[in-house]
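Report on the structure
Here is how the chains run, residue by residue.
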Amino acid sequence: MSNQVNGKTFFFACCGIKGDWVYLRKALKLESGFRSTRVCHYCDTTEWWKFGSNLRSWNGQLVDPWKTDEPPTPLRTIPGVESPLLIRTDPAHTWPIGVGKEFAASTIFLLCHLDVWPANNMPDKLLGAWEHFQSWRYRTKHTCKLHEFTYKTFKVQSLQQYPVLGGSGSDCIVVCKWLESVVDDPAMLPAFHVDW
Ligand SMILES: [Zn+2]
C-alpha cells in the first residue's frame, strides 16, 4: 500500500493485527471462541493447549478461521491480512494470564528445590519464598492480592502435578518482577553456580 503526502510517497505494510481475543474475534470475524469447537485461529486443533503427555508440536497446517456466514470485515481487505498468521496474539494477555503463570510457578518450585529458601520440606520452603516475596514487596511498594505460597496457590496437591500460579494477571507480573530480582542477586543463589 502507498500514499502521496506533500509529493512524497509513503509505503505501508501490515505486519500484524493485535489485540485481546475478544477484539480479534470481533474485528476479524473469527470462528474461534470460548464456546466454539474451533479453539485456535491458526489450526483446527480441538483441544486447549496444556502441558502433559499430549503436548506435541504444531503440524504447521493453517486452517481458515473466518466466519463463513458473514461478509469479511474491512480489516481483511488490507493487503496481506488474508493470512491468519497476521492475526497476532497479544503478549500482554498471553503472558500474565497464560504461560507466565506456569513459568512463575515452575521457577518458584525450582528455586525451592535448589534450597534458595532452605527447609526440610516443600511447604516450608514455599513459606520461606513467601516471606522473602513479602519483604521484597514492602520494600519495593508492589501490591499483590495473593495471601500465601502453598500448594493451593499453585493449584497442585502434590509435586507430581504441574504447578500454575493462582491470582490475577497483575499478581503474575509482580511475582515475575520479584523472581527477576531473586535470580539477579548472586547472594540468593548459593546452590546455583553455573559457568557459562
Ligand atoms: Zn493452533
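Just so we're clear, the structure is a prediction, and the values are computed from it rather than from any experiment.

Look at helix 2 (residues 91-113) against helix 4 (residues 169-184): their axes get within 9 Å of each other, and the N-to-C directions meet at 40 degrees. Comparing their axes, helix 4 and helix 2 come out oblique. Crossing handedness for the pair helix 2 and helix 4: left-handed. Each of Pro96, Ile97, Gly100, Lys101, Ala104, Thr107 and Leu111 in helix 2 lies in contact with helix 4, whose residues at this interface are Gly169, Cys172, Ile173, Val175, Cys176, Leu179 and Val182.

Let us look at the packing of helix 2 against helix 3 (residues 122-140). Running from N to C, helix 2 and helix 3 cross one another at 110 degrees; their axes reach a closest spacing of 10 Å. In terms of orientation, helix 2 lies roughly perpendicular with respect to helix 3. Classified by chirality, the crossing of helix 3 by helix 2 is right-handed. Facing helix 2, whose interface residues are Ile108, Leu111 and Cys112, helix 3 presents Met122, Lys125, Leu126 and Ala129.

Turning next to the pairing of strand 2 (residues 8-11). Direction of pairing for strand 1 (residues 2-5) relative to strand 2: antiparallel, over a ladder of four bridges. The residue bridging Asn3 from the neighbouring strand is Phe10, located in strand 2. Joining the antiparallel neighbours strand 1 and strand 2 is a turn of two residues, in which Asn6 adopts a positive phi near 50 degrees.

Turning our eyes to something else, we now look at the environment of Gly100. Tracing the backbone shows Gly100 in helix 2. On the basis of neighbour count, Gly100 is assigned to the buried category, with 20 C-beta atoms found within 10 Å. The contact partners of Gly100, leaving out residues within four places of it in the chain, are Trp95, Cys172 and Cys176.

Take the domain arrangement of the protein chain next. Domains assigned within the protein chain are domain 1 (1-89) and domain 2 (92-188). Centre-to-centre separation of domain 1 and domain 2, based on C-alpha positions: 34 Å.

The next thing to look at is helix 3. Here helix 3 contains 19 residues, and its C-alpha end-to-end distance of 26 Å stays within 8% of the 27 Å for a straight helix at 1.5 Å per residue. All of the buried residues along helix 3 are Lys125, Leu126, Ala129 and Phe133. Buried positions in helix 3, seen along its axis, are confined to an arc of 95 degrees and lie on one side of it. Those residues of helix 3 that are exposed and aimed more than 90 degrees away from the buried face are Pro123, Glu131, Ser135, Tyr138 and Arg139. In this structure, the buried residues of helix 3 make contact with helix 2 and helix 4. A positive backbone phi angle near 60 degrees is found at Lys141, which sits one or two residues after helix 3.

This brings us to the nonpolar core. Counting residues in each nonpolar core, the largest one holds 19 residues, and the members touching the most others are Ala104, Ala105, Ile108, Cys112, Ala129, Leu165 and Val175. Taken together, the elements giving at least two residues each to this core come down to helix 2, helix 3 and helix 4. Top element by residues in this core is helix 2. It accounts for six residues. Contacts of Ala129, omitting those with residues within four sequence positions, involve Ile108, Leu111, Cys112, Trp117 and Phe149.

What counts and how
Residues numbered from 1 in each chain as written. Predicted model: local features only at pLDDT ≥ 70, side-chain atom pairs only at ≥ 80, totals over all residues. Axes fitted to C-alpha atoms, helices over the stretch in contact; angles between N-to-C directions. Helix = DSSP H or I, 4+ residues; strand = E, 2+ residues; numbered from the N terminus. Parallel < 35°, antiparallel > 145°, perpendicular 65-115°, else oblique. Left-handed = near helix turned anticlockwise from the far one by under 90°. Contact = placed C-beta atoms within 7 Å. Pairing = 2+ DSSP bridges. Buried ≥ 20, exposed ≤ 12 C-beta atoms within 10 Å, placed from the backbone. Domains from an automatic or database assignment. Expected span 1.5 Å × (residues − 1). Arc of directions from axis to C-beta. Core = buried A, V, L, I, M, F, W, Y, C linked by C-beta atoms within 7 Å.

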